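Chain by chain, the residues:
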Amino acid sequence: MPAPKLPGLVKGLGVTLKTMLRTLTRGSHTVQYPKVKEAPTPRARGVITLHEDNCTACMLCARECPDWCIYIEGHKYKAPPRRPGGKPRQKNALDRFDIDFSLCMYCGICVEVCPFEALFWSPEFEYSEPKIADLLHDKSKLGQWMETVPDFQDYESGSEAKKAKVPR
Amino acid sequence: MTALGDTRQLAYIAGQASDARVNVELETEGMTLNIGPQHPATHGTLRVIVKLDGERVVAAEPVMGYMHRGYEKLSEVRTYPQVTTLVNRIDWLGSFANEVPFILAAERLMDVEAPPRAQWIRTALFELSRIANVVLFLGDMGVQLGAVTPVFFAFRDREFVLNQIEAVTGGRFHPNFDRIGGLKDDLPKGWIEETKGVLGRIRTFCDEMEDLVTGNEIFQARTRGIGVIPADVGLSYGLSGANIRASGVDWDLRRDGGVGLVHDQLDWKVWTHPDGDSFARYWVRLQEVREACDMVDQLLDGIPSGPVMAKVPRIIKVPAGEAYVETENPLGVMGYYVVSKGDLVPYRVKIRSASFNNISITPWLLEGTYVPDVISILASLYFILGDIDR
């Protein structure tokens, strides 16, 4: 005669009971969001930030964007020469840099292709708006996010990647 | 007088009645029932038209296309790096696995190979996305049959896996991390240790599922012997993944395919089940989650050092040619047929997604079953709507 088996239902109730006891003693897995906030990982793709000094309006990001949600306008101007007697320098000025976050797919291609380290990801995510038009962030708003950009993390051992620095 | 039991004749009459919208006097009135496109028992906008004779299904037809997004066409106007952001959204529960076959196809055309470190990390993330995907199935299978607890457990423990994927890639659902010739970035410090802790949690979850669902008498009564797919029928309908392995076919592209990933260097086994019913499909997936945990464990121990990116040009132009690469994704075989004309954009991309083939067996499978079993069969076939419609 085989040993009497515990019915599956009772076994299942045991699992839920154990989970209930654990929740009661050690607290639940969820947090009450607006009161308690979980910190996203430093690499999280929350919002794109712009370091305006580094941008040369080269349009690479706007061109590589898969849904073309970056709008850039710029102009060139002649800056006075560094030394007296030198040639005037050609400089690029950024007139407009808008990202439409209502279109953005958060793929990160713009941040990746930027050759001048002007774009960064910030894990900040609380920027929802009642009106969809307000999701178009202009360059001053994109610049404000720059404070929230965390430093890049160290790499796991065995890596040959070089750690980049965030311009402050 | 209609002979009861003569299902073919009944199917014909029920079809005539519902199509012509005329009231035919029958002993049992045929009824056409639309399950979906908006229905709690379909996860997504799949519509199944079932013609009923009382409680019995005489004909069923899945209607797809409510979520068609045209990714094959959109890929023709996106450069190769941009396409990965699109294909992320095909099977949204295991997004990273979608990128891999496409990138491998492009790599084959360009004749570049990712460095070993990139291949190992790629495989680890591939298996992590399988865990994230199938863990949700294990919970969902319960909730479709009326057990609410498993789905909470599944969401709780999947969150840890998603956190690990996010810690590397920056995206919980849409990683966009795979690049032609390697990966976007290397692992952050401490990730391997954390991931091992998460794998322990997933193993506990599997044990809990075993106690909570697998042995449950109600669950067994509703899944054992329901929706049996014989191996030859499954193969002729093009089933793949756990659905066909549950019918006893020992076929897994991770072992038999041999493309670009490092599964052949690991110690693991392919699980099959001889029964081919709903329970077998559930059971095989449960074992696969455990197997994937072991695989990720071995992968994390064996990651070689080195770069994560091969030398590729900054502007990626893929030489003319054609390549087809398929991998064993969480839902089944997923393949990309990429045709290039030497341009910045692919000339044509054909996506072979697993769910589309898996769902096309439903007319054969649902015929003659009862309405409550329809839900259990659809749940156990496990499809993702994005994977059907693309």
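Residues numbered from 1 in each chain as written. Chains lettered and ligands numbered in written order. Predicted model: local features only at pLDDT ≥ 70, side-chain atom pairs only at ≥ 80, totals over all residues. Heavy atoms only, no water.

A. Highlighting the interface of chain B and chain A. Listed by partner, the interface residues are 45 residues for chain B and 34 residues for chain A. For the pair chain B and chain A, the two sides together bury roughly 3,100 Å², of which 49% comes from carbon and sulfur. Among the residues of chain B in contact with chain A, B:Gln82, B:Lys189 and B:Asp211 are the three that bury the most area, contributing 16% of the side total. For B:Arg179, the salt bridge goes to A:Glu112, with nearest N and O atoms at 2.5 Å. Here chain B and chain A share 14 residue pairs in polar contact (both at pLDDT 80 or more) between them. Of all elements in the fold, only α3 (80-87), α6 (149-169), α7 (191-214) and α8 (217-223) of chain B reach the threshold of two or more residues within the side of chain B that touches chain A. Sort the elements by how many residues they give to the side of chain B that touches chain A and α6(B) lands first, with 9 residues. Tallied by class, the residues present in the side of chain B that touches chain A amount to 15 nonpolar, 15 polar and 15 charged. (Contact = heavy atoms within 4.5 Å. Buried area = accessible area lost by both parts, 1.4 Å probe. Salt bridge = Lys/Arg side-chain N within 4 Å of Asp/Glu carboxyl O. Polar contact = N/O pair within 3.5 Å; in protein donor to acceptor, adjacent residues only side chain to side chain. Helix = DSSP H or I, 4+ residues; strand = E, 2+ residues; numbered from the N terminus. Nonpolar A, V, L, I, M, F, W, Y, C, P; charged D, E, K, R; others polar.)

B. Structural context of the sheet that holds strand β3 (residues 56-63) of chain B. Residues and elements named next belong to chain B. Spatial ordering of the open sheet is given by β1-β2-β3, a layout of 3 strands whose pairing is antiparallel. Each edge of the open sheet is held by one strand with a lone partner, namely β1 (30-35) and β3. Taken over all neighbouring pairs, the strand axes of this sheet differ in orientation by 20° on average, direction set aside. The pairing of strand β2 (residues 47-53) with β3 spans 7 bridges and is classified as antiparallel. (Pairing = 2+ DSSP bridges. Axes fitted to C-alpha atoms, helices over the stretch in contact; angles between N-to-C directions.)

C. Just the pairing of β2(B), in detail. Residue and element names in this part refer to chain B. With 6 of 7 residues buried, β2 lies mostly within the body of the structure. Relative to β2, β1 is paired through 6 bridges, and the arrangement is antiparallel. Residue pairing across strands places Asn-34 opposite Ile-49, the latter belonging to β2. (Buried < 20%, exposed > 50% of the residue type's maximum accessible area, 1.4 Å probe, protein only.)

D. Fine view of the environment of B:Val262. All names here are of chain B. The residue Val-262 is located in the loop between α11 (253-256) and α12 (278-302) in this model. With a relative accessible area of 2%, Val-262 lands in the buried category. As for Val-262 and His-273, which are separated by 11 residues in sequence, their C-alpha atoms are 25 Å apart. Apart from residues no more than four positions distant in its own chain, Val-262 is found in contact with Gln-119, Trp-120, Thr-123 and Leu-299.

E. Molecular detail of the sheet that holds strand β3 (residues 89-100) of chain A. All names here are of chain A. Strand order across the open sheet formed by 3 strands is β2-β3-β5, with antiparallel pairing between neighbours. Both outer strands of the open sheet, β2 (70-79) and β5 (136-137), are each paired with one neighbouring strand and no more. Of the pairings in the sheet, the one linking β3 to β5 comprises 2 bridges and is antiparallel in character. When the bridges of β5 are listed, Asp-100 appears paired with Leu-136.

F. How the structure looks around the side chain of B:Glu99. Residue and element names in this part refer to chain B. Tracing the backbone through its elements, the reader meets Glu-99 in helix α4 (residues 95-110). Buried and unpaired, Glu-99 has no salt bridge, with Arg-179 as the nearest side chain of opposite charge at 5.7 Å. Engagement of the side chain of Glu-99 in a polar contact is seen with the backbone nitrogen of Asn-176, the distance being 2.8 Å. (Lys, Arg positive; Asp, Glu negative; His and termini not counted.)

G. Spotlight on the packing of aromatic side chains. Residue and element names in this part refer to chain A. If you walk through the whole model with that rule in mind, you get 14 aromatic pairs over all chains. Ring plane angle 40° and centroid distance 6.5 Å describe the contact between Tyr-33 and Phe-125, whose orientation is recorded as tilted. Residue Tyr-33 is located in the loop between α1 (8-26) and β1 (47-50), and its partner Phe-125 is located in the loop between β4 (119-122) and β5; the two are separated by 92 residues in the primary sequence. Measuring from centroid to centroid gives 6.4 Å for Phe-120 and Phe-152, while their planes differ by 50°, and the two rings are tilted. (Phe/Tyr/Trp six-rings, centres within 6.5 Å; stacked < 30°, edge-to-face > 60°.)

H. Just the state of the cysteines, in detail. All names here are of chain A. Across all of its chains, the model carries 0 disulfides over all chains by this definition. We note that Cys-55 lacks a disulfide partner, and the nearest cysteine sulfur, in Cys-61, lies 6.4 Å from it. For the unlinked cysteine Cys-61, the closest cysteine sulfur is that of Cys-58, found at 6.2 Å. (Disulfide = S-S within 2.5 Å.)

I. The arrangement of the confidence of the model for chain B in detail. Considering every residue of chain B, the mean pLDDT works out to 84; 93% of them sit at 70 or more. Both scores are available for the predicted complex, with the pTM at 0.84 and the ipTM at 0.82. (pLDDT = per-residue confidence, 0-100.)

J. Examining helix α15 (residues 371-381) of chain B more closely. Residues and elements named next belong to chain B. For α15, the buried fraction is high: 9 of the 11 residues fall into the buried class. Of the positions making up α15, those classed as buried are Asp-373, Val-374, Ile-375, Ser-376, Ile-377, Leu-378, Ala-379, Ser-380 and Leu-381. Positive backbone phi, approximately 55°, marks Tyr-382, located one or two places after α15.

K. Structural view of the environment of A:Pro167. All names here are of chain A. With respect to the helices, strands and loops of the structure, Pro-167 is situated in the segment after α4 (139-144). Taking C-alpha positions, Pro-167 is 24 Å from Arg-63, a pair spaced 104 residues apart along the chain. Not counting residues up to four positions away in its chain, the partners in contact with Pro-167 are His-51, Asn-54, Glu-117, Phe-120 and Met-146.

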